[in-house]
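Chain by chain, the residues run as shown.
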Amino acid sequence: MTQRLGGLLPPLNAGQIYTTLQRLERDGLVSSEAVPEDGRNKRMYAITEAGRCELERWASTPVPGTRLKDEFFMKLVLVGLGGLVDPKRLIDAQRREYLQSLRDLTEVVRGEGSEILGLLADGAAFRLEADLRWLDLCERRLVQKEER
Amino acid sequence: MTDPILEARGLAKTYSSGGVDVLALRGVDVALAPGEFVAVMGPSGCGKSTLLSLLGGMGRPTAGEVLLAGVRVDQLSETRLALLRRRSIGYVFQFFNLVPTLTVAENVELPVLLAGGSRGQARARREELLALVGIERRDAASPAQLSGGEQQRVAIARALAHRPAVLLADEPTGNLDSASARQVVDVLRHGRGEGQALLLVTHDARVAAAADRVLTMRDGLMVDETRVTPPREVPSLLELEV
């Protein structure tokens, strides 16, 4: 995992890894045996046939495509359009945040130089670009309409 | 802020189109410091290209002022304006605008010669710039023999040739794939160390995010400004933070 994902991987907690492996073993998805090494017993885990099936099923299930949950939109509609805060100010602040995130991403890709990380960052950048276009749309449809 | 190298005050431009007045710019203030990189974004028709052409002395404002190094330039005669463009301003277009009948080398040398440089100076500058933009051993090629990304890099070399104080770029990555776009932005930013200011008009948020400031235009007006800071995640860049 560390090899494949490099810097993308959050720090792993060894205890958590063992708890997970024990649960997987309980469910028959992995099996383990004790292998003596340097005078100690090392537990080696291997995936079972059922585990392979489950892994294949999990990987083949597409992840949901629609993401309607949007915290900014909630703020804009409930507070901005509710008249508590100027909605234009909310949109501007959000635009600044997205532009800065885009900048952060480009520099991260440059700094790492890893192809896998670059691909992930490109995906995030495409979504940020879409978010920025959507902010423009929010402004046109909601804010400028109010001004008229 | 240090004294701006380029400044617009209350800039307005009205076009007449079929008997109807179109307000392209409705009073815009912009100031560009030496070495600063500013991007202008906004939907088509918001006036950003008009702003750029007025700043570059390629059109005259209906109202307002343009100042280059503190000197008002919007009312100069055509001849003096042309001279100013050759000396102080570099311009990069979306469609490259290289002279098709000249070779790559001749295109880059031309501004140096026009600004009064010698043949030797022009050749030396051309070699230096084509190496910088990564176009080598194509001196004798005609622009049409190069890819879009390569043509744009030659166009940037040409725009930089006379060491202009200000570089203006109108959608310079509009016709390029994202890898070429990134290269083009890197090359555009190159002159900043020497105090060259860069004003870039773009639709591409990723290009804009490389700037120090991003200005947003809407219906002929500036409506927002974002100061983009170097990211915290990259420690070596922390020194750049002001």
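Cut-offs used in this document
Residues numbered from 1 in each chain as written. Chains lettered and ligands numbered in written order. Predicted model: local features only at pLDDT ≥ 70, side-chain atom pairs only at ≥ 80, totals over all residues. Contact = placed C-beta atoms within 7 Å. Helix = DSSP H or I, 4+ residues; strand = E, 2+ residues; numbered from the N terminus. Nonpolar A, V, L, I, M, F, W, Y, C, P; charged D, E, K, R; others polar. Buried ≥ 20, exposed ≤ 12 C-beta atoms within 10 Å, placed from the backbone. Pairing = 2+ DSSP bridges. Core = buried A, V, L, I, M, F, W, Y, C linked by C-beta atoms within 7 Å.

Provide a residue-level description of the interface of chain B and chain A, including the pertinent values.
Often, the extent of an interface is quoted as the loss of accessible area upon association of its parts. With 15 residues of chain B at the interface, the matching set in chain A holds 17 residues. The set of elements that each furnish at least two residues to the side of chain B that touches chain A consists of α7 (205-208) and β10 (221-227) of chain B. In terms of residue count, the dominant contributor to the side of chain B that touches chain A is α7(B) (3 residues). Per-class residue counts for the side of chain B that touches chain A are 10 nonpolar, 2 polar and 3 charged.

Explain unusual backbone geometry to me, using residue names and the numbers behind them.
Leave glycine aside and you will find that most residues have negative phi; peptide bonds, for their part, are mostly trans. Residues and elements named next belong to chain B. One non-glycine residue, Asn97, lies in the positive phi region at around 50°. Tracing the sequence through the fold places Asn97 in the loop between β6 (89-92) and α3 (104-114). For Asn97, a count of 15 C-beta atoms within 10 Å translates into the label partly exposed. One non-glycine residue, Arg137, lies in positive phi territory at about 60°.

Tell me what's going on with the sheet that holds strand β2 (residues 20-32) of chain B, and back it up with residues and numbers.
Residues and elements named next belong to chain B. Across the sheet, which stays open at both edges, the 4 strands sit in the order β2-β1-β4-β5 with antiparallel pairing between neighbours. The open sheet is flanked by β2 and β5 (71-72), the only strands paired with a single partner. Relative to β2, strand β1 (residues 6-17) runs antiparallel, the two sharing 10 bridges. Of the residues in β2, the one forming a bridge with Leu6 is Leu32.

Summarise the nonpolar core; cite the residues concerned and give the values.
All names here are of chain B. If you look at the biggest cluster of nonpolar residues, it comprises 74 residues, and the most contacted ones within it are Ile156 and Leu199. For this core, the element with the most residues is helix α5 (residues 148-160), which contributes 6 residues. Beyond its immediate stretch of four places on either side in the chain, Ile156 contacts Val92, Val133, Val184, Val187 and Leu188.

Please provide a residue-by-residue account of the pairing of β10(B), values included.
Residue and element names in this part refer to chain B. When strand β9 (residues 213-218) meets β10, the two strands line up antiparallel, connected through 6 bridges. Looking at the pairing, Leu215 lines up with Glu225 of β10. What sits between the antiparallel neighbours β9 and β10 is a turn of 2 residues, in which Asp219 has the positive phi angle 50°.

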